[in-house]
Amino acid sequence: MRFNFKKNSFKTILVMFFVVSCNTGCNSGGYRSGEYLPSMLMDDVQVDKNVYKTPNVVVILADDIGVGDISYYTDRFMDKSAVVRTPNLDQLAADGVWFNDAHSATALCAPTRYAVMSGNNNYRSYAPWGVWGAFKPNAISRSELTLGRVAKRAGYKTGFVGKWHLGGDFKLKNRDKIYRGDDRGLLNQVDLTHVAGGGPADMGFEYSFMLPAGIQGPTYLAYENEKWYPLTADSSIVHINENNVLDPRIISDKGPGMGDSHWDTKNIGHVISQKAVDFVNQQTTNKPFLLYYASPMAHRPHIPPATFDGVAVAGAAPSAHLDMVVELDLQVARIINALKDQGVYDNTLIIFTSDNGGLANVPASLKAGHKQSGIYRGGKNAAHEGGHRVPFIAVWPNHIPSGQFKNESIMVQDILATVAAVSGKPLQDNEGLDSNDLLPLLANQVTNQITTTAYHPREFLMLQAGSRTEVIFVKNGWKLIIDTDHKLTKFEPTALFNLNTNVVEDEKFNLLLSQPQKVDAMLAEYLTIRNSGIPTVKRALNPMDNLQNNSESNSQKNEV
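So, a few notes on the structure that sits alongside this text. (Residues numbered from 1 in each chain as written. Predicted model: local features only at pLDDT ≥ 70, side-chain atom pairs only at ≥ 80, totals over all residues. Heavy atoms only, no water.)

**Thoughts on the side chain of Asp-355**
Checked against the element boundaries, Asp-355 lands in the loop between strand S12 (348–354) and helix H8 (363–367). Here the side chain of Asp-355 touches Arg-113 through a polar contact of 3.0 Å, side chain to side chain. Apart from the residues within four sequence positions on either side, Asp-355 is in contact with Leu-61, Ala-62, Asp-63, Asp-64, Ser-104, Thr-106, Leu-108, Cys-109, Thr-112 and Arg-113. (Helix = DSSP H or I, 4+ residues; strand = E, 2+ residues; numbered from the N terminus. Polar contact = N/O pair within 3.5 Å; in protein donor to acceptor, adjacent residues only side chain to side chain. Contact = heavy atoms within 4.5 Å.)

Written as structure tokens, this is what we have:
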């Protein structure tokens, strides 16, 4: 925005921080950007109506990517050369903010996807350990907000492309009954030609191209706008197994299952990223859009394409695993280029992160000296930092200065509140109970007028590990790892680390036995927070409320 200031105008500063959209007009308490400003401010500021537009939002969620998988991190935070280069993600990070203390909700993909979509911690779901079957009920209830619902209510065009992994509804053929069973068998009785419910449409996405289980299957199918999308002209729905699969590597450790007869893992990245580009290209109106792109790279199976947009991929890195990282980088480039080609890149907030830490057990990658978690211990599935420390990049050209680093503790749940805030429809107190709005943290950089006092740092982190059913509580740099079970019948502390002095979680300095009072206090606090269901973030005031409060205060001073 361009402003003409009156000297020492505090009102002007507040307006500069926040100009919001209001779908229902100003009588509802909001202000439509560029159309109306309160009369009390008109003498203080003149706004060029054509400069500000509600930004588009692109959220990119990678799969099994740790901080060390991004060469931007390795170049800046490690005393070594990167084994694999990610030039497009590096440029994205250089153009915006890299968060040094960002965490996925869990150390596994399915439960984290619930947290990203809903802004809630996993224990609020009926399936806190994740929904792992394509035919399970969706992890998100109809009463919970989602990225799609938040953006849609703010007037955005909404699109989802990529890995779903949240469950869904498929009906039995010729019966009005939902199938709830295994997803590995021969399911000729199930109508797999369309999604009956629990898919992207129910979550607020007007357009979708969905892979129910990503590339690991089962199922090995794609759905566009909830209808089966044949991958070729002669595709059919069959039971994919070792006898008919195009490449034996396609059937991952997840096993056989129903799928497209022409499912070819190495082509999936091209298909979904092109669908994302098509969605961007189709946004021809002034209506802002939200694209949530959930890439399945670099999850197993690792079957990279020979090339991607003319760039060699297979064999480009020391392992097929790292070739998939290269492909992810090229998928991001394809989306960024589409934004630029459409002339909307400069007015788009882009967030890139991952569902959990990187893969720690790929021999060829390890042999080459690759450190997927950077300096941190462990990787995907682990309770240690490498399991849930993830890359997190936020870019908004001409609004967020480039080359920034932030050390505040943030979580992937924070995406929901941030999207809500930037759309002009901030979350209410009873919405997204574990989602912290990052916009005030960035806004002081956007305006140079509002400081981080409007941002409420997290006082603690409530995290979850992986298949070993561990949960984690972090406060003031102290990290307690707690062993539990699927039925949550026990909570037994197994490790206590002081990350302030032992961020690598050296087991020699596991203070579990030497700090019993600290362990007991942290365990009690964790259970109190979890069992009470209270919000785990402080909801920042709507800046328009700040504006009103300061106006009233100034008015009272004038009366005195």
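**Let's talk about unusual backbone geometry**
Excluding glycine, a negative phi dihedral is what most residues carry, and trans is how most peptide bonds are arranged. Note the cis peptide between Pro-218 and Thr-219, where omega equals 10°. Take Thr-219: it is sitting in the loop between strand S4 (207–211) and strand S5 (223–224). Notably, Asn-381 is not glycine yet its phi reads approximately 85°, a positive angle. Its location among the elements puts Asn-381 in the loop between H8 and helix H9 (385–388). Its identity as a non-glycine residue notwithstanding, Glu-505 has a phi of 55°, on the positive side. Secondary-structure assignment places Glu-505 in the loop between strand S18 (492–498) and helix H12 (516–532).

**Describing helix H3 (residues 87–94)**
Buried within H3 are the following residues: Leu-89, Asp-90, Leu-92 and Ala-93. For H3, the angular spread of buried residues about the axis comes to 160°, placing them on one side. Contacts from the buried residues of H3 go to helix H2 (71–77), strand S2 (97–103), helix H7 (320–341), S12 and strand S13 (393–395). (Buried < 20%, exposed > 50% of the residue type's maximum accessible area, 1.4 Å probe, protein only. Arc of directions from axis to C-beta.)

**Focus on helix H6 (residues 265–281)**
End to end, H6 covers 25 Å across 17 residues, agreeing with the expected 24 Å (1.5 Å per residue, within 8%). Buried within H6 we find Thr-265, Ile-268, Gly-269, Val-271, Ile-272, Ser-273, Lys-275, Ala-276, Val-277, Phe-279 and Val-280. The secondary structure elements touched by the buried residues of H6 are strand S3 (157–163), S4, S5, strand S9 (289–294), strand S10 (307–308) and H7. (Expected span 1.5 Å × (residues − 1).)

**Topic: the pattern of salt bridges**
Counting across every chain of the model gives 25 salt bridges. A salt bridge links Glu-224 to Lys-275; the shortest N-O distance between them is 3.3 Å. Remark: Lys-275 occurs in helix H6 and Glu-224 occurs in strand S5; sequence separation between them is 51 residues. By relative accessible area, Glu-224 is classed as partly exposed at 22%. Where salt bridges share partners, they join Asp-101, Glu-385, Arg-389, Lys-479 and Glu-505 into one cluster. (Salt bridge = Lys/Arg side-chain N within 4 Å of Asp/Glu carboxyl O.)

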